[in-house]
Protein chains: 4
Amino acid sequence: MASRKTTNATVSPKGSLETLSQREVQQLRETGSGSVYALFRQCALAILNTGSNSDNAKTILEAYPDFEILIHQLDRGIRLELCNAPADAFVDGEMIASTREMLFSGLRDIVYTQSELENKRVDFNSSQGITDYVFHLLRNARTLRAGVEPNIVVCWGGHSISSEEYKYTKIVGHELGLRGLDICTGCGPGVMKGPMKGATIAHAKQRIIGGRYLGLTEPGIIAAEAPNPIVNELVILPDIEKRLEAFVRVGHGIIIFPGGAGTAEELLYLLGILLHPDNREVPFPLIMTGPKSATPYLEQLHAFIGHTLGAEAQQRCKVIINDPAQVAREMAKGIKEVTQFRRERSDAYHFNWLLKIDESFQRPFEPTHENMAGLNLTREQPVHELAAQLRRAFSGIVAGNVKVQGIRLIEEHGPYQITGDPQIMQPLGRLLQAFVDQHRMKLPGGSAYVPCYRVLS
Amino acid sequence: MASRKTTNATVSPKGSLETLSQREVQQLRETGSGSVYALFRQCALAILNTGSNSDNAKTILEAYPDFEILIHQLDRGIRLELCNAPADAFVDGEMIASTREMLFSGLRDIVYTQSELENKRVDFNSSQGITDYVFHLLRNARTLRAGVEPNIVVCWGGHSISSEEYKYTKIVGHELGLRGLDICTGCGPGVMKGPMKGATIAHAKQRIIGGRYLGLTEPGIIAAEAPNPIVNELVILPDIEKRLEAFVRVGHGIIIFPGGAGTAEELLYLLGILLHPDNREVPFPLIMTGPKSATPYLEQLHAFIGHTLGAEAQQRCKVIINDPAQVAREMAKGIKEVTQFRRERSDAYHFNWLLKIDESFQRPFEPTHENMAGLNLTREQPVHELAAQLRRAFSGIVAGNVKVQGIRLIEEHGPYQITGDPQIMQPLGRLLQAFVDQHRMKLPGGSAYVPCYRVLS
Amino acid sequence: MASRKTTNATVSPKGSLETLSQREVQQLRETGSGSVYALFRQCALAILNTGSNSDNAKTILEAYPDFEILIHQLDRGIRLELCNAPADAFVDGEMIASTREMLFSGLRDIVYTQSELENKRVDFNSSQGITDYVFHLLRNARTLRAGVEPNIVVCWGGHSISSEEYKYTKIVGHELGLRGLDICTGCGPGVMKGPMKGATIAHAKQRIIGGRYLGLTEPGIIAAEAPNPIVNELVILPDIEKRLEAFVRVGHGIIIFPGGAGTAEELLYLLGILLHPDNREVPFPLIMTGPKSATPYLEQLHAFIGHTLGAEAQQRCKVIINDPAQVAREMAKGIKEVTQFRRERSDAYHFNWLLKIDESFQRPFEPTHENMAGLNLTREQPVHELAAQLRRAFSGIVAGNVKVQGIRLIEEHGPYQITGDPQIMQPLGRLLQAFVDQHRMKLPGGSAYVPCYRVLS
Amino acid sequence: MASRKTTNATVSPKGSLETLSQREVQQLRETGSGSVYALFRQCALAILNTGSNSDNAKTILEAYPDFEILIHQLDRGIRLELCNAPADAFVDGEMIASTREMLFSGLRDIVYTQSELENKRVDFNSSQGITDYVFHLLRNARTLRAGVEPNIVVCWGGHSISSEEYKYTKIVGHELGLRGLDICTGCGPGVMKGPMKGATIAHAKQRIIGGRYLGLTEPGIIAAEAPNPIVNELVILPDIEKRLEAFVRVGHGIIIFPGGAGTAEELLYLLGILLHPDNREVPFPLIMTGPKSATPYLEQLHAFIGHTLGAEAQQRCKVIINDPAQVAREMAKGIKEVTQFRRERSDAYHFNWLLKIDESFQRPFEPTHENMAGLNLTREQPVHELAAQLRRAFSGIVAGNVKVQGIRLIEEHGPYQITGDPQIMQPLGRLLQAFVDQHRMKLPGGSAYVPCYRVLS
């Protein structure tokens, strides 16, 4: 890996934060582990890897051990000096504009987050405080635009999908774009890129200037899922919970494309919120879709929702197979209802204040064997609480599959033991097995999948 | 074909000509064959067929026999009322913006052409008069922009190519777009679309707003090669000769992708001009390129140039196989030389006044059997005149293959007889046979190709 | 006058026509009297004198005998090279942007007019042909904007008025600007400047970007009434009749401020049109206004209208004294009616096609002693025809006062003899005497006024 | 005063802060003295009084006792509901756009200041902390623009000056504007308005879109010096010291026009900074100017600087009498040197980080009799410290003249006693007497001026 081509360059800001105080510059220059600099360096490296989607996080960081990024305050504003940066971020020696833009978006968010924490402005003890924090971060990134009609469609799904599924996401994005809708994703490859690409072409056809391709990420994932270069608004939230909250408060509707355990976790996160009694009347268009070849996946997931969370949960989530235009029409219709609802309730178009997000969804879940074994996967609880428990189960499986710490725990203690009511355990077992059979439980190596869990009933 | 879906709609202008005098409106309302209305109706129908690239001209016109388009002068400007229009031009009942724009571009060009002819402004008897006419038409369409550095790359090639070749044109377009270059094509499908699509994505990545995707067409071809929806500047020139002159005066460099006899005709047109002694010092980057699979095609074409027109002609034309980035770098370099040359000679960046175009290239060639038999395909003439003769040979073959009148002539009199020096006839015969073998001599039906010519030596 | 400061400079286009054909450049370089060049030189000199409002045309032209202006076609478009140009058009060696813009507007209009005439496009024999000509000229100057709500207020009045009257026009312009209205004038000093200045400040307060300050002039007057630098759209019409027609077809309402015989001529021109039976229902807000000190002037003019053309004519013309806000409110209200009317009749917002302008208003009146003596100033004719006759009387008086040829005629043959019905002659005599008493019959010298007319009854 | 015309209205944001969190809205709704609401209400009332420049602060607040302003969070963003607001802020029922914009600028600054204080972010104990605070406030107001060449000219002087002086400031502003320079003032009437008005017209002539008219104010003065409506960027700093620091860090040069004791205070503030040894090499163009009639004022002030602070201080400050073009040329030249200096030192164009401002200039001076008597007005100290002492003397006189608390102190204890070296006391006495003689020591009433000080030597 030492032979990666690198380059040196100096770049000036484009788009975002262009002025820094001397103190902010000073802070960013203090290197050392745990420093703001270390965080920024890591995010910057991921951004510079835009487009090279085969890498996982660790690999990227290790591939450019000499990479350095320095901040200078000059007459016309700040400059970034890059040493030993990935050469692919440049065309004939000049950095691609979108990469340059994202670099400064990253800088902006890291400076802001740092300054908020330093000043103890955030009240992490209250649900309201956390929501406020997400709001301020998004406002500082100029993501919240007053006066604009709701039109942001969040697309969730796998970053590593089949070629047919990828093409399908492009066509859906194209149909959304033809109807003037904007796209928001987790900003990596796969489902995070296809809809943006399709929408770009459609926006060009519709002569829409200023179409938005919003990417929401977090430092822990950005290296593994480097922002694709279509993203024209990048926001780095501090962790996964803030990122998920940002998705549901900023998006006006959500489309679920094929994915794996991570996608299931996201779906359960969203259903857990929508099924909360306080949110019963809040409209939120949610569509599951894929090409014909993804029919088994979509049907199994939908059936699983029905078996575990019931008919109401299923109704919250429309399934449309192989009909991109219909997906777009349904989404446009659903967003009209959102618009109407917000107008009546005087809720902001740009931030979904009315949506109740329980503190249990705002706090991280630590996937120890003890916590996994202790999950309450029974029917004797409100359905939205069961959704929260299921979401944690999937969160643990994701960790056991791909996250450094999770893998180590599995190595030490063997697979997680997941127990509960048979009416829940059986569908869960079947769903997970289907994921395995469809090769959606991906391992970095590509070898045969050895489950990190045991479903007991 | 009677079952095509149609729709009625009223649209207001976007982009172009928004005000008409009462007299202009009146003229456009006078129907009848040979009328301005008939011409506009035909172009409008082609534009509304944007994207449905499988049709030939006649089919389209026949598929919508009830189509009508009316012009109204209202308070806020003109409106077009469409009856029985192709439904595919609309998304949920609203016309796609690019189509709307092109409709009014067409109107603009037809009104202008008509008014020029009516006022006998054009001096068709002099080469200078014809060039002036092309200039005025392009200026009226706001195609000529002063103060902009040269960056328009013309892409020529077939409208019906292999999927691999199509992908390759997209990648080349992407590399051109990353370097800030704009695209100009004949505005149909295939090679006319791919580079524009690639450049659209690249321009988005480079945050280039106002990237130009210029389509030059003419009423005789627009129905067969409906403008693709990426085109954001459409100009309808009155005939094929004006269109070819527009390409070489507006473009700053030309790329030849795989195609058939039509592409060979274009290449010979351009070489005939570049080989004129007056143009010896005029820089004009010209690149032939294609994916690996197109190597035979490219090599045969290049060899043919060498055998017939000699080494100088070959040197005017660089061949690059399967290296999109290199194509873009070479083109960018060549355009820099063009810029330098124009600055030194005080020639306009936006119109190549200095290029000498012989009247023989400005006047149409009528492909009768007599004219074809009378072509002077010998070495006893200046090389640029031989190029002109060869271009006519290909022009005749194209007509005999696909144009209504040419086909009729062949049916009556049998294949064209083409004679000349053996040193020219043999390479010509080989090239044409190669086109046949590679299925580049396409017939509307798709049946086995029966040549419309006989090469005698 | 030989000591005027001059400067040399090269300027590139701003705003208008940026591309010329080689032939157009060639034409503009052919000097000689009667040439296009001579016309352009004269207009250019006037434009470069912007702001120096004390000069009459002859003086300006004589003050810069060595002034020359050359046109070059360069790589980035055309350039103008100025030799011995008035130094006041420059700030620290750089030409003021508005002057630069107007220079190229002038070039644009002169090139266009020339090309129209050369091609015999205009049909000067029909009223419709002349109107079409005015339309095309304005369209070529991009003055006609589709889709914009009516908001152009024409301000007429003297170019040499009292300081109090000038201030008043500024305040009226300010009130118009606060209501989002744009200003159109004859583009010189006095009433032609004040409203634009006031509106500029008001548009700044209302954050209106793109407020329009439209100046319509003609080669015969531009030198005497050099465009003021607020004008941001300058159009040079070929003669006074085309200019007047442009005013009434482009403006949505007209305000008459204090002036002299010229202003009376304009008022009678407009009333002659509005009183035509075909125009009876066409709404056209027309307001006469001035500060308190102008009361006698306004009342006399209004009374004269009543005595000669009757009550209907008076009702077409509202008098508001010393109440700028009320003037603006009335105008805004009137323009709303215009909007409503055009919408109902499908007439263009940007060009008043429905207004009937009799050919007698489109053709110039030659003020010979014979023609003046032959005017039919009697009641035995339709009132709009009487208005046309009266307008000619004032036109002759203006000529006898200030135009070169008129003055010479008076010197040779003595004052004009104007005869007619006593009921018309007496009010006419009184009005003219009032103009004399109020020093509104200005002579270049400033000496006591000797009338160029004798009113007989 | 009860008869002032008022109106009710609801307005939506223009330009600034358009999104607020629910908590921010909540805070702004909590009324009560000392509340954020009370502060915002007071600033809003001043802004709504834009243009009515005869009022002092107290009068305005008392004239609209029923005025209320409520904040609502609606679907498209926040709305302000105004009850019993001054009718002059509206044209035909609609609020003037600039007023609307300033209202939301005020809201933005007050929300920001409040949030900074609440979070104890600001370190008021260090000079660096205070400077950082000013920087953050200006950045939040989007006043700091990276990449823009230095061009901001600060204009200081009286808000109540003679008509001739006011005209002069307009002409100077016009000359500055012709050279592309922007204007920054204290945003009230008089010298704070004239240059902006002149520059607006000049920017229109130069077709400069986006000319900046920056007004810096503070809650204590905004009511007395309501922002004039030309201001298109309003920033409300929390107090006078932050405001002065903002002027010298954001401005690239300063012009002093005629004024009174307040203007002298500002001049001494600036000289005190420029004379600091650390700033010796920092270029900072400083020009005193006025019309011919202001010659005595300018000469006395300049002489006073010479007598007290010496020749070096005089050299820092160029005097130009009655030559607006020369003022603009000098300023443009000086700013070029500033640009050069910042480039060499890598200091930001948008914020003068390199200028050393001693903490004594950042902390408020309380003008008690004791403090005034204790001023060290002797030669036995560095000249920049003497400037600081003199600045305090003038600060006290301003307070004794016009500020509520100062006037009360004078009523209780009689005039301030100011002592010091005779070489300083005599020039000071003469200068103050000249101010009195020239009616520059204005009292709200307009009665004869009774000095609030006694200069002893």
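Residue indices follow the written sequence of each chain, beginning from 1 at its first position. Labels are handed out in written order, letters beginning with A for the chains and numbers beginning with 1 for the ligands. In keeping with the model being predicted, local features are shown solely for residues with a pLDDT of at least 70 and side-chain atom pairs are shown and tallied solely at 80 or more, while totals for entire chains, interfaces and linings include all residues. Hydrogens and water are ignored here; the side-chain numbers use all heavy atoms of the structure.

In plain terms, the rule: UniProt positions are given in the numbering used here, feature names are shortened, and annotations may be inferred rather than shown by experiment.
Under an unreviewed UniProt entry, the name given to chain A is AMP nucleosidase, and the organism recorded is Pseudomonas zhanjiangensis. Word for word, the UniProt comment on chain A under Catalytic activity (unreviewed entry) is "AMP + H2O = D-ribose 5-phosphate + adenine".

**Considering the interface of chain C and chain B**
For clarity, the threshold we go by: Two residues qualify as a contact provided that any one of their heavy atoms is within 4.5 Å of a heavy atom in the partner residue. Defined here as a combined quantity, buried area equals the accessible surface (1.4 Å probe) lost by two parts on assembly, summed across both. Salt bridges are identified by distance alone: a Lys or Arg side-chain nitrogen within 4 Å of an Asp or Glu carboxyl oxygen. Counting of polar contacts relies on pairs of N or O atoms within 3.5 Å, with two restrictions inside protein: one atom must be capable of donating a hydrogen and the other of accepting it, and residues adjacent in sequence are counted only when both atoms are side-chain atoms. Only runs of H or I of at least four residues qualify as helices and only runs of E of at least two qualify as strands under DSSP, and these elements are numbered from the N terminus. Gly counts as polar in this scheme, as do all residues outside two lists: the nonpolar Ala, Val, Leu, Ile, Met, Phe, Trp, Tyr, Cys and Pro, and the charged Asp, Glu, Lys and Arg.
Contact with chain C, which involves 36 residues of that partner, is made by 36 residues of chain B. Buried surface at the junction of chain C and chain B, summed over both partners, amounts to about 3,200 Å²; 43% is from carbon and sulfur atoms. Counting the contacts that link chain C with chain B gives two salt bridges. Notably, a salt bridge pairs E24 of chain B with R139 of chain C, separated by 2.8 Å at the nearest N-O pair. At the junction of chain C with chain B, the criterion picks out four residue pairs in polar contact (both at pLDDT 80 or more). Looking at the side of chain C that touches chain B, the elements that each hand over two or more residues are α1 (22–29), β2 (68–74), α4 (97–118), α5 (127–140) and α13 (324–345) of chain C. Ranked by residues supplied to the side of chain C that touches chain B, first place goes to α5 of chain C with five residues. Along the lines of polarity and charge, the residues of the side of chain C that touches chain B split into nine nonpolar, 12 polar and 15 charged.

**Observations regarding the relation of the copies chain A and chain B**
This is how it is decided: What sets the superposition is a least-squares fit of C-alpha atoms, and only residues with pLDDT of at least 70 in both copies go into it.
Taken as rigid bodies, chain A and chain B are interconverted by a rotation of 180° and an axial shift of 0.0 Å, the fit giving an RMSD of 0.1 Å. Taken together, these values place the two copies in the relation of a two-fold axis.

**Here's the deal with the interface of chain A and chain B**
Taken together, the contact between chain A and chain B spans 23 residues of the former and 23 residues of the latter. Buried surface at the junction of chain A and chain B, both sides included, amounts to about 2,000 Å², of which 64% is carbon and sulfur. Counting the surface chain A buries against chain B, the share from its top three residues, I201, K205 and R207 of chain A, is 31%. Taken together, the links from chain A to chain B amount to six salt bridges. Our enumeration of links across chain A and chain B arrives at 10 residue pairs in polar contact (both at pLDDT 80 or more). Counting residues per element, the ones that place at least two in the side of chain A that touches chain B are α4 (97–118) and α7 (194–205) of chain A.

**What about the arrangement of the chains?**
There is no contact between chain A and chain C; across them, the least C-alpha separation is 18 Å. Regarding chain B and chain D, the two do not touch, and the least distance separating their C-alpha atoms is 18 Å.

**Points about the domain arrangement of chain A**
All names here are of chain A. Note the following rule: An automatic or database domain assignment provides the domain bounds reported here.
Looking at the assigned domains, one finds that chain A contains domain 1 (6–115), domain 2 (135–344) and domain 3 (366–456). Between the C-alpha centres of domain 1 and domain 2 the distance comes to 28 Å. Of the residues lining the interface, 22 residues belong to domain 1; the matching set on domain 2 comes to 19 residues. Roughly 1,800 Å² is buried in total at the junction of domain 1 and domain 2, and carbon and sulfur atoms are behind 64% of that figure. Among the residues of domain 1 in contact with domain 2, M102, D109 and Y112 are the three that bury the most area, contributing 27% of the side total.

**Side note on the packing of aromatic side chains**
Residues and elements named next belong to chain A. So the rule is basically this: Any two rings among Phe, Tyr and Trp, with Trp reduced to its six-membered ring, count as a pair given centres within 6.5 Å; such a pair is stacked if its planes are under 30 degrees apart, edge-to-face if over 60, and tilted if neither. Type-normalised accessible area, obtained with a 1.4 Å probe on protein chains alone, sets the label of each residue: buried when under 20%, exposed when over 50%, and partly exposed for intermediate values.
Enumeration over the complete set of coordinates arrives at 32 aromatic pairs over all chains. On the numbers, 6.4 Å between centres and 75° between planes, the contact of Y168 with F257 is edge-to-face. Of this pair, Y168 sits in helix α6 (residues 163–178) while F257 sits in the loop between β10 (253–256) and α10 (261–274), and the two are 89 residues apart along the sequence. A relative accessible area of 0% places F257 in the buried class.

**What about the pattern of salt bridges?**
Counted under the stated rule, the structure contains 68 salt bridges over all chains. Two residues, K242 of chain B and D239 of chain B, come together in a salt bridge whose shortest N-O distance is 3.2 Å. Measuring nitrogen to oxygen at the nearest pair gives 3.4 Å for the salt bridge that ties E281 of chain C to R345 of chain C. Of this pair, E281 of chain C sits in the loop between α10 (261–274) and β11 (286–290) while R345 of chain C sits in helix α13, and the two are 64 residues apart along the sequence. Residue classification places E281 of chain C among the exposed residues on the basis of a relative accessible area of 61%. Take R345 of chain C: its relative accessible area is 44%, and that puts it in the partly exposed class. The network of salt bridges with shared partners includes D92 of chain A together with E175, R179 and R329 of chain B.

**Examining the side chain of R179 of chain C**
Looking at the secondary structure, you find R179 of chain C in the loop between α6 (163–178) and β7 (182–185). A relative accessible area of 18% means that R179 of chain C is categorised as buried.

**Looking at the sheet that holds strand β3 (residues 77–86) of chain A**
All names here are of chain A. Selection rule: We call two strands paired when DSSP finds no fewer than two bridges between them. Here an axis means a line fitted to C-alpha atoms, over the contact stretch when the element is a helix, while the angle between two N-to-C directions is reported on a 0 to 180 degree scale.
Overall, antiparallel pairing links the three strands, which are arranged β1-β3-β2 in an open sheet. Unpaired on one side and paired on the other, β1 (6–11) and β2 (68–74) mark the two borders of the sheet. Going across the sheet, the axis of each strand differs from the next one's by a mean of 10°, ignoring polarity. Here seven bridges tie β2 to β3, and the two strands are oriented antiparallel to one another. The partner of L70 across the bridge, within β3, is E81. The strands touched by helix α1 (residues 22–29) are β2 and β3; relative to β2, the strand with the most contacts, the crossing angle is about 165°. Running at roughly 105° to β2, helix α2 (residues 36–48) makes contact with β2 and β3 of the sheet.

**Structural notes on the relation of the copies chain C and chain B**
Aligned on chain B, chain C shows an RMSD of 0.1 Å; the corresponding rotation is 180° and the shift along the axis is 0.1 Å. Of the residues that chain C buries at the interface, 100% are likewise interface residues in chain B, meaning the two copies contact each other through the same surface.

**Some points on the pairing of strand β8 (residues 213–217) of chain C**
Residues and elements named next belong to chain C. Selection criterion: A clockwise path from the first strand over the helix to the second, with the strands pointing away from the viewer, defines a right-handed crossover.
Burial analysis of β8 places five of its five residues in the buried class, the great majority of the element. Judged by which residues are buried, β8 turns out to be covered on both faces: Y213, G215 and T217 on one side and L214 and L216 on the other are all buried. Pairing geometry for β7 and β8, over three bridges, is parallel. Opposite C184, over in β8, you have L214 as the bridge partner. Running through helix α7 (residues 194–205), the crossover from β7 to the neighbouring parallel element β8 is right-handed. Two strands pair when backbone bridges link them, and β8 and strand β9 (residues 233–236) are joined in this way by four bridges, in the parallel orientation. Across the sheet, G215 pairs through a bridge with L234, a residue of β9.

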